[in-house]
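# Architecture at a glance
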Amino acid sequence: MDDTKEPLDAADNPVSTEPIVYRLYRRRFLGLIGLVLLNVITAMSWPWFGPISNNVVDEFGFTLDEVNWLGNIVALVYLPTALGVPILVSRYGIRRSCDIAAVALLISAWLRYAGTAKSLSTRHSYVLVILGQLFAAIAQPIYQVVGPKYSETWFNLKGRTTATMIVAISNPIGGAVGQLISPLVGDTRQSILVLGILSTAVTPFIFLVGSVPPTPPTYAGSKASPPLKSLVYAMLGLKTSEDAHMTLRERLDFVIVVLVFGSLAGGKPNRANSFAILTAQIMEPVGYTSDQSGFLGACLLLTGIVTAIITAPLFDRVFTHHLALTSKILVPIVGVAWLSLIWAVKPHNLGGLFAIMTIIGVCSVTMLPVGLELGCELTRNANASSAILWFACNLLAVVFVLVEGALRAPPDANPTLNMHRALIFDGAVIMTCAASILLLHGRQVRKERDEEKLQGLQNA
C-alpha cells in the first residue's frame, strides 16, 4: 500500500462499524501492465491478415473478399460485444470479465491455427479461421472497455487519467505492431502460428488484474458498477438512482462527447490498424509511394502516443479541472487539420502532409483519455459510458470505411482512383462534429464528489 490514507466515513461502508481509509495499492500497476499487454495482443487480430492478404489467397485458396472479411468480422462483432461489457462487469466484476476474454482469446488463437492444416478443404479451413477471428472479436472490446472502470476502481484523482490513457493507446499500438509483425515471421501458416503463440503467452497476465482493492482509492471507486440500462434511463430522463441521475445539461454534454469522440476516433486514430492501408489509398494516386504513405500513418500514431504519455499526468495534476476547456481548444484544431487535407493532398507536398499528420496525432490521441474521462465525469458510470463511446467510435469507423470506398474516383479519373471526394466527406463531417464541442459545458461531477468527500473527511 502507498500514497494517500484518508479516513472514510463508516456510513459509506456499511459492512464496517469503524472508520476505514482511502488507500492505494502498488498491485494496481501490475493490473495496469496486464491490461496493456492483453490489449496489445487482442488488437493484433483485426489487422493481422491485411499485410499478408495476397499470400493467404495463394496458400489457402481464399478470395480477397473472404480475406477482407477476416478483418470485417472483428469490427462487426465488436459492436454488440462492447454494449454487453457493462452488463458483464456489473454481474461478474472486472477480473471475471477479463477471464472470459482470456478464454475467448485462447480459443481464437488455436481455432485459427487449426484452420491451417493442409488436410482441410478450402471451405473447412476458412470456417475455422473466421471462427477464430470471431472469438478474437469477443476478447478485444472487453479489455478496451474496462479501462476507465479499472482506473476508477484502483487509482485516485492523481492517477486516473494517466491510467485511462495507458490502456486507451495500447489498442492502436497493438494494431500497428500486428501489421508490422505479420509479414515478417515466415509464411502464412507460420504467421498464424506466431499470433497463436503470442495470444497464449499473454494469457497468464490476466492473473495480474484484480477486480477490486480491499479498500477503495476514492468515493467513486467505492461504488458498484451501475448497469447499462441505468445510463439509458438517465439519458432518456427516466427515473433512476440518485447517483445515476443526469441533468438535461449533462445529457446534452454526453451526446456531444459521444459525437466528437466517435467522429474523431472513428474518423482515423482508432483505426490505426488500417490507417496505413487507407493512407496508401489516399496518397498513392497523387504520386506518393507506399513507404511514404506508411510513414505518414506512423507519424500520426507515434506523435500522438508520445504527446498522450506527456500530457496525461498533467491532466491528473495540473489541468485536472479543465478537461472541457482542453477539448474546446484541441478538437477544433483537429477539425481544421482534417479539413485542410482536401487541399493538402497533392503532389510534392510531403512536408506539409507530415505537419498535418503531426497536428492530428498530437491532438487526436491526446483527446482519447480526455474523452473517456469526460464520459465518466458526466455519467458517473465508467463502464457504460466507455462502452457507448467505443461503440460509437467503431461504428463510425465502419461507416467511414464504407463511405470512403464508395466515394473513390473511377479508374478513368485524373488522377486514377483518387480519394478527393472521400477527403471532402472526411473534412466536412469531422469539422461539423468538432464544431459542436464549443457547446460543451463539461462539469466534472464525479471529481467534484470525490473531492468533497475527501475534504469532508480531512476536516473531520
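Higher on the page you've got the structure.
What this report covers is the structure whose coordinates are included nearby. Because the structure is a prediction, the values reported are computed rather than measured.

## With respect to the side chain of T320
- Tracing the chain through its elements places T320 in the loop between helix 11 (290-317) and helix 12 (323-344).
- The class of T320 is buried, set by a relative accessible area of 13%.
- In contact with T320, other than residues within four places in its own chain, are L314, F315, Q444 and K447.

## Quick notes on helix 7 (residues 188-202)
- Along its 15 residues, helix 7 runs 21 Å from first to last C-alpha, staying within 8% of the 21 Å computed at 1.5 Å per residue.
- For helix 7, the set of buried residues is T188, R189, S191, I192, L195, G196, S199 and V202. One face of helix 7 carries all of its buried residues, which in axial projection span an arc of 165 degrees.
- Where helix 7 is buried, its residues contact helix 1 (27-44), helix 2 (53-60) and helix 3 (64-114).

## Description of the packing of helix 1 against helix 4 (residues 122-145)
- Closest axis-to-axis distance for the helix 1/helix 4 pair is 9 Å, and the angle between their directions is 145 degrees. As for the relative orientation of helix 1 and helix 4, their crossing is left-handed in sense. Residues L35, L38, N39, T42 and A43 of helix 1 form the contact with helix 4, whose own contacting residues are A139, Q140, Y143 and Q144.
- Per-class residue counts for the contact of helix 1 with helix 4 are five nonpolar, four polar and no charged.

## A look at a nonpolar patch on the surface
- Nonpolar side chains collect at one region of the surface, where L30, I33, L37, F205 and L208 lie side by side and expose about 370 Å² of accessible area between them.
- Owing to a relative accessible area of 31%, F205 belongs among the partly exposed residues under this scheme.

## Things to note about the environment of Y150
- Its location among the elements puts Y150 in helix 5 (residues 147-154).
- Once residues within four sequence positions are removed from consideration, Y150 is found in contact with R27, R28, G31, L32, L35, I94, F155, V209 and G210.

## Here we look at the packing of aromatic side chains
- For the coordinates displayed, the defined rule picks out nine aromatic pairs.
- Here F62 and Y126 contribute two aromatic rings whose centre-to-centre distance is 5.0 Å and whose plane-to-plane angle is 75 degrees, an arrangement assigned as edge-to-face. Here the residue F62 occupies a position in the loop between helix 2 and helix 3, and Y126 occupies one in helix 4, the gap between them amounting to 64 residues.
- We classify F62 as buried; its relative accessible area is 2%.
- A residue is classified by how much of its surface remains accessible, and Y126, at 11% relative accessible area, is buried.

## A closer look at the environment of S121
- Mapped onto the elements, S121 comes out in the loop between helix 3 and helix 4.
- Exposure remark for S121: the relative accessible area of 34% places this residue in the partly exposed category.
- With 61 residues separating them in the primary sequence, S121 and F60 have C-alpha atoms 8.8 Å apart.
- A polar contact is formed between the side chain of S121 and the backbone nitrogen of H124, at a distance of 3.3 Å.

## Some thoughts on the nonpolar core
- Counting 108 residues, the largest nonpolar core has F49, L341 and W390 as its most contacted members.
- Apart from the residues lying within four places of it in its own chain, the contact partners of L341 are L353, I356, M357, I360 and L423.
- Residues W46, I73, A75 and V77 belong to the second largest nonpolar core, which totals six residues.

## Comments concerning the side chain of D450
- Residue placement: D450 occurs in helix 16 (residues 445-459).
- The buried category is assigned to D450, whose relative accessible area is 2%.
- Among the polar contacts made by the side chain of D450, one reaches the main-chain amide nitrogen of Y219 at a distance of 3.4 Å.
- Apart from the residues lying within four places of it in its own chain, the contact partners of D450 are L157, R160, T218, Y219 and A220.

## Looking at the pattern of salt bridges
- Under the criterion given, the structure shown has 13 salt bridges.
- Of the charged contacts in the structure, one is a salt bridge between R160 and E377, with a shortest N-O distance of 3.9 Å. Within this pair, whereas R160 is found in helix 6 (residues 160-181), its partner E377 is found in helix 13 (residues 350-379), the two being separated by 217 residues in sequence.
- The exposure class of R160 is buried, given its relative accessible area of 1%.
- When the shortest N-O distance is used, the salt bridge between R160 and D450 registers 2.8 Å. Taken together, the residues R160 in helix 6 and D450 in helix 16 connect sequence positions 290 residues apart. As far as burial versus exposure is concerned, R160 and D450 are alike and both buried.
- Salt bridges linked by common partners bring K149, E152, R160, E373, E377, R446 and D450 together as one network.

Definitions and cut-offs
- Residues numbered from 1 in each chain as written.
- Predicted model: local features only at pLDDT ≥ 70, side-chain atom pairs only at ≥ 80, totals over all residues.
- Heavy atoms only, no water.
- Helix = DSSP H or I, 4+ residues; strand = E, 2+ residues; numbered from the N terminus.
- Buried < 20%, exposed > 50% of the residue type's maximum accessible area, 1.4 Å probe, protein only.
- Contact = heavy atoms within 4.5 Å.
- Expected span 1.5 Å × (residues − 1).
- Arc of directions from axis to C-beta.
- Axes fitted to C-alpha atoms, helices over the stretch in contact; angles between N-to-C directions.
- Left-handed = near helix turned anticlockwise from the far one by under 90°.
- Nonpolar A, V, L, I, M, F, W, Y, C, P; charged D, E, K, R; others polar.
- Patch = residues over 30% accessible without salt bridge, like charges linked within 9 Å, V, L, I, M, F, W, Y side chains within 5 Å.
- Areas by Shrake-Rupley, 256 points an atom, 1.4 Å probe, with all protein chains shown as cover.
- Salt bridge = Lys/Arg side-chain N within 4 Å of Asp/Glu carboxyl O.
- Phe/Tyr/Trp six-rings, centres within 6.5 Å; stacked < 30°, edge-to-face > 60°.
- Polar contact = N/O pair within 3.5 Å; in protein donor to acceptor, adjacent residues only side chain to side chain.
- Core = buried A, V, L, I, M, F, W, Y, C linked by side-chain atoms within 4.5 Å.

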